[in-house]
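Observations on chain architecture
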Amino acid sequence: MRSLLFVLLGLSAAAPVAAQEWLVNRERFRYIGTRLTVDVVSEAAGTLRILRGQDGWVGVAGRVPAGFAVAGLTDDDHLMLSAAGAGPVDYMITIPDGVWVVVRLPDRNQAESVGGHTRLRTFEWGEAVARDAQVAAPHSEVLPILADEEAGPGLFTTYAAPLAPAVIMLPDLRAVRTFTVRTGASRFRIATSRPLALQAGSPASFEIRPVGEPMDIVIDVPEGTPAFGLTAAGAPVLTVQGVDVTPRCGPLTHQWLSDGRQWVTFTPQEGRLDCVVPPATPATRHSG
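Residues numbered from 1 in each chain as written. Predicted model: local features only at pLDDT ≥ 70, side-chain atom pairs only at ≥ 80, totals over all residues. Heavy atoms only, no water.

Considerations on the overall build of the chain
Short version of the rule: Each helix corresponds to a stretch of at least 4 residues labelled H or I by DSSP, and each strand to a stretch of at least 2 residues labelled E; elements are numbered beginning at the N terminus. Only protein chains enter the area calculation, which uses a 1.4 Å probe; residues under 20% of their type maximum are buried, those over 50% are exposed, and those in between are partly exposed. Between two residues, a contact is recorded if the distance between any of their heavy atoms is within 4.5 Å. The method behind every accessible area is Shrake-Rupley, applied with a 1.4 Å probe, and residues are considered shielded solely by the protein chains displayed.
A count of helices and strands for the chain gives 1 helix and 27 strands. Buried positions account for 43% of the 288 residues belonging to the chain. Taking all contacts inside the chain whose residues are at least 6 apart in sequence as the whole, residues at least 24 apart take part in 71%. As displayed, the chain offers around 14,900 Å² of accessible surface, 55% of which is attributable to carbon and sulfur atoms.

What follows is the structure, encoded as structure tokens:
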């Protein structure tokens, strides 16, 4: 059973608003973990700032102009930040260096994350916020963005499901350093070298749109997938038909593992690949 420690971070709405306007209440929680999930629940728009602080402690500072806020740290590494009343709500938390942080905000379904050595991040909720990168995926399958040893060293699982979609699209390769398709996996997975945000989409097709610094993308296709296709910049890049894997673009490296799995890694050059157009299927003639 989870235990939850709540700390009052404001005054009730019955108190004079002027007395609360600039009042900031602070609290510290003893913390020795390595991965913290921050859940924000708020009736009003607000801002969350995350900074690095003292080892062994999580610090919370909160301010609500007319209302109240509470903070609680559970024994399974969840920091709960809840606010009620008129906004805007302002939170600032300090996290020890090296702690990976997953953030859930009130106005979106996907989780966002902060790397273990990122010095400062600011999040806003209540209005649309631009995201560094996106992958369109079914709403019901959205997962927290977490580092995952099963995905591979330095990779973060953005999405996972039992079955693969029929097609994945990479419309723009300018922010892609490499992308790899690995067959024979136990489940479908999209893993990346830095976190991607998730949006609701179709279960039959996914679209990945990275921006910013070039990233590595790894796509695991489960064993037994009957048909799977990958397109990049509008061109067919790779198809999987049962155990047959057919790459159509380069530069690439193609590895055959001893257990029958195959890994195909594409390396775009200046956002481009050289692709071979598949031959047209001959027309079938029928005699009368």
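Structural notes on the layout of surface pockets
It is the rolling of a water-molecule-sized probe over the atoms that shows where space remains empty. We count it as follows: Definitions used for this entry: grid spacing 1 Å over protein atoms alone; cavity, a set of points where a 1.4 Å probe fits but cannot get out; pocket, an open set with protein on both sides within 12 Å along at least 5 of 7 lines; lining residue, one with an atom within 4 Å of a point. Grid points are joined across faces, edges and corners, and a volume is the space filled by probe spheres set on the points. Residue polarity follows a fixed list, in which Ala, Val, Leu, Ile, Met, Phe, Trp, Tyr, Cys and Pro are nonpolar, Asp, Glu, Lys and Arg are charged, and the others, Gly among them, are polar.
By volume, the second largest pocket amounts to about 230 Å³. Thr183, Gly184, Glu223, Val243 and Gly260 are the residues nearest the centre of the second largest pocket, which is lined by 15 residues in total. Contributing elements (two or more residues each) for the lining of the second largest pocket: strand E16 (176–185) and strand E20 (215–222). Taken together, the residues of the lining of the second largest pocket sort by class into 5 nonpolar, 7 polar and 3 charged.

Things to note about the pairing of strand E4 (residues 46–53)
Quick reminder of the rule: Only when DSSP finds a minimum of two bridges between them are two strands counted as paired.
Where E4 meets strand E8 (residues 89–96), 8 bridges bridge the pair, whose relative direction is parallel. Across the sheet, the residue bridging to Thr47 is Asp90, located in E8. Where E4 lies against strand E11 (residues 120–125), 6 bridges are found, and the strand directions are antiparallel. Residue pairing across strands places Gly46 opposite Trp125, the latter belonging to E11.

A few points about the state of the cysteines
Our working definition: By definition, disulfides here are pairs of cysteine sulfur atoms that lie within 2.5 Å.
One pass over the structure, following the stated rule, counts 1 disulfide. Between Cys249 and Cys275 runs a disulfide, and the two sulfur atoms are separated by 1.9 Å. Classification of the bridge connecting Cys249 and Cys275 rests on its S-S torsion, roughly 110°, and on that basis the disulfide is right-handed. Here the residue Cys249 occupies a position in strand E24 (residues 249–250), and Cys275 occupies one in strand E27 (residues 274–275), the gap between them amounting to 26 residues. The buried category is assigned to Cys249, whose relative accessible area is 4%. The partly exposed category is assigned to Cys275, whose relative accessible area is 35%.

Concerning the packing of aromatic side chains
For the record, the criterion: Here a Phe, Tyr or Trp ring, Trp counted by its six-membered ring, pairs with any other such ring whose centre lies within 6.5 Å, and the pair is stacked when the planes are under 30 degrees apart, edge-to-face when over 60, and tilted otherwise. Counted as over-ring charges are cases with an Arg CZ or a Lys NZ within 6 Å of the ring centre that also lie within 35 degrees of the ring normal.
By the definition in use, this model includes 2 aromatic pairs. Where Phe179 meets Phe266, the ring centres are 5.0 Å apart and the plane angle is 20°; that geometry is what we call stacked. Residue Phe179 is located in strand E16, and its partner Phe266 is located in strand E26 (residues 262–266); the two are separated by 87 residues in the primary sequence. Taken individually, Phe179 and Phe266 each receive the classification buried, so the pair is uniform in this respect. Ring geometry for Phe188 against Phe206: centres 5.5 Å apart, planes inclined by 90°, an arrangement best described as edge-to-face. Note that Phe188 is positioned in strand E17 (residues 188–192) and Phe206 in strand E19 (residues 205–210), a separation of 18 residues in sequence. The burial state of Phe188 is the same as that of Phe206; both residues are buried. Against the face of Trp57 rests Arg28, its NZ or CZ located 4.0 Å from the ring centre. Across from the ring centre of Trp263, 5.1 Å away, lies the NZ or CZ of Arg182, which sits over that ring.

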